[in-house]
Amino acid sequence: MFRGLLIENNEDGAVLEELDESRLPEGDVTVRVEYSTLNYKDALAVTGRGRIARSVPMVPGIDFAGKVISSENPGFMAGDEVLLNGWGVGEKHWGGLAEKARVKGDWLIPLPPGLSPRRAMIIGTAGYTAMLCILGLEDNGVTPDKGEILVTGATGGVGSFAVLLLAKAGYSVVAMSGKKDAGAYLRELGAAEVMDRAAYSAPGRPLVGERWAGVVDVAGGHILANACAAARYGATVTACGLAKGMDFPATVAPFILRGVTLAGIDSVYCPREKRLKAWNRLAEQTDDRDFSLIAHEIGLDDVKGVSEAMLDGKLKGRQLIHIEN
């Protein structure tokens, strides 16, 4: 038996239960989960405020880190430390908000040297997605000397890590947030300037004065459109989220008149080679000191209440879930 959050129907959300190991889904690797995280998708699933689970019953949790218990996959053996994020886990396949998980070994990657399961999950899907955005900027030649980088949704998980990682790499970061009390937090992460989200929340002009050499956007909607309108010639805008809407009420003007690149960032089905590159960079470029502001540790019993607070916009940073075995 093991403990896990189980969704029996999407409307009621998840309930913490004792589960029999025979209920674990098909897979060739079984993992004892040590840490997971609470992402926005997870909060929607846990509370029943979003139809995230594609089938039920479902254990939510889109990422986890832990130690292999048993394996029929030649790439892993008992005792290996591994992590997983994406691949539909927590939506189509039982996820990480439980003490055990059984998955396809092809979805796992070994923990990079020097990265503990705890630190890996403080980073989690949020930090991994932020690093994919930074790689997207670098791939298009956006270096620190090119100018300011705008990070939207900067107090969230992806945004917090984007501010931290970009600042550590020498970029001048402007952090956008709708939280009135976020200034000190964002400047401590490394933001050179904090910008009120209200400036970009309403419909804007097709083009405005050139400012951003690059953008990390988690919002979508008018915020993404206005960020593109203010991008400099040759800038790259990375889009990885839709916290403010799936629509994109923009024009083609930034792309055909300023040569702006809109780069889509997918963390779920990202190819293994790029996934490994991102995680190795995260292992090399972060340490535990970076996370004192970002990480807040909770247990499985706390997940439902913390999920409500997350969806109500009351939290900053990352919610690390210690799965006690």
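Check the entry above for the structure.
Draft legend 1. Region of the structure containing the layout of surface pockets. By volume, the largest pocket is sized at about 1300 Å³. Lining the largest pocket are 45 residues, with Tyr40, Val158, Val218, Leu242 and Ala243 sitting closest to its centre. Residue assignment for the lining of the largest pocket shows that the elements contributing at least two residues are helix H1 (40-47), helix H2 (117-139), helix H3 (157-168), strand S9 (173-177), helix H8 (303-311) and strand S15 (318-322). Among the residues making up the lining of the largest pocket, the classes are represented as 20 nonpolar, 17 polar and eight charged.

Draft legend 2. Representation of H1 in the model. Along H1, six of the eight residues are buried, which leaves the element largely enclosed by surrounding structure. In the stretch just after H1, Gly48 is the one whose phi turns positive, near 80°.

Draft legend 3. Region of the structure containing the nonpolar core. Of all hydrophobic cores here, the largest spans 51 residues; its most connected members are Val151, Phe161, Val163, Leu166, Leu186 and Trp279. Secondary structure elements with two or more residues in this core: H2, strand S8 (149-151), H3, S9, helix H4 (183-189), strand S11 (212-217) and helix H7 (272-285). Ranked by residues supplied to this core, first place goes to H2 with 13 residues. Leaving out residues up to four positions away in the same chain, Leu166 has contacts with Ile134, Leu137, Ile149, Val151, Tyr171, Val173 and Val216. Judged by nonpolar contacts, the second largest core, of 40 residues, contains Ala45, Val59, Leu84 and Ala101.

Draft legend 4. Here's a closer look at empty space enclosed by the protein. Per the stated rule, a full pass over the model turns up one cavity of 30 Å³ or more. Within this model, the largest cavity holds a volume of roughly 50 Å³. Taken together, Lys41, Ile62, Asn85, Gly86, Val89, Glu91, Thr125, Ser267 and Val268 form the lining of the largest cavity. Its residues assigned to classes, the lining of the largest cavity comprises three nonpolar, four polar and two charged.

Draft legend 5. View of a nonpolar patch on the surface. Taken together, the side chains of Val252, Ile256 and Leu257 present a nonpolar region at the surface, about 330 Å² in accessible area. Judged by relative accessible area, which is 56%, Leu257 ranks as exposed.

Draft legend 6. Main features of the sheet that holds strand S10 (residues 193-196). Strands sit in the order S10-S9-S8-S11-S12-S13 across an open sheet of six strands; the sheet is parallel. Single-partner strands in this sheet number two, and they are S10 and strand S13 (261-264). Within the sheet, the average angular offset between the axes of one strand and its neighbour, ignoring direction, is 20°. In this structure, strand S12 (residues 231-239) lies alongside S13, joined through four bridges in parallel fashion. Paired with Thr238 across the strands is Ala263, a residue of S13. In the packing of H2 onto the sheet, the strands contacted are S8, S11 and S12, and the crossing angle to S12 comes to about 150°. Strand contacts of H3: S8, S9 and S11, with the helix running at about 155° to S8, the strand carrying the most contacts.

Draft legend 7. Layout of the pattern of salt bridges. Throughout the structure, instances matching the rule amount to 15 salt bridges. With a shortest N-O distance of 2.9 Å, Glu138 and Arg281 are connected by a salt bridge. With Glu138 in helix H2 and Arg281 in helix H7, the pair connects residues that are 143 residues apart, well separated along the chain. By relative accessible area, Arg281 is classed as buried at 17%. In this structure, the salt-bridge partner of Glu210 is Arg258, at a minimum N-O distance of 4.0 Å. Of the two residues, Glu210 sits in the loop between S10 and S11 while Arg258 sits in the loop between helix H6 (253-257) and S13, which places them 48 residues apart along the sequence. Among the charged side chains, a salt-bridge network with shared partners connects Arg3, Glu99 and Asp301.

Scoring rules and cut-offs
- Residues numbered from 1 in each chain as written.
- Predicted model: local features only at pLDDT ≥ 70, side-chain atom pairs only at ≥ 80, totals over all residues.
- Heavy atoms only, no water.
- 1 Å grid on protein atoms, 1.4 Å probe; cavity = no way out; pocket = protein on both sides within 12 Å on 5 of 7 lines; lining within 4 Å.
- Points joined across faces, edges and corners; volume = space filled by probe spheres on them.
- Helix = DSSP H or I, 4+ residues; strand = E, 2+ residues; numbered from the N terminus.
- Nonpolar A, V, L, I, M, F, W, Y, C, P; charged D, E, K, R; others polar.
- Buried < 20%, exposed > 50% of the residue type's maximum accessible area, 1.4 Å probe, protein only.
- Core = buried A, V, L, I, M, F, W, Y, C linked by side-chain atoms within 4.5 Å.
- Contact = heavy atoms within 4.5 Å.
- Patch = residues over 30% accessible without salt bridge, like charges linked within 9 Å, V, L, I, M, F, W, Y side chains within 5 Å.
- Areas by Shrake-Rupley, 256 points an atom, 1.4 Å probe, with all protein chains shown as cover.
- Salt bridge = Lys/Arg side-chain N within 4 Å of Asp/Glu carboxyl O.
- Pairing = 2+ DSSP bridges.
- Axes fitted to C-alpha atoms, helices over the stretch in contact; angles between N-to-C directions.

These figures capture arrangement, not role.
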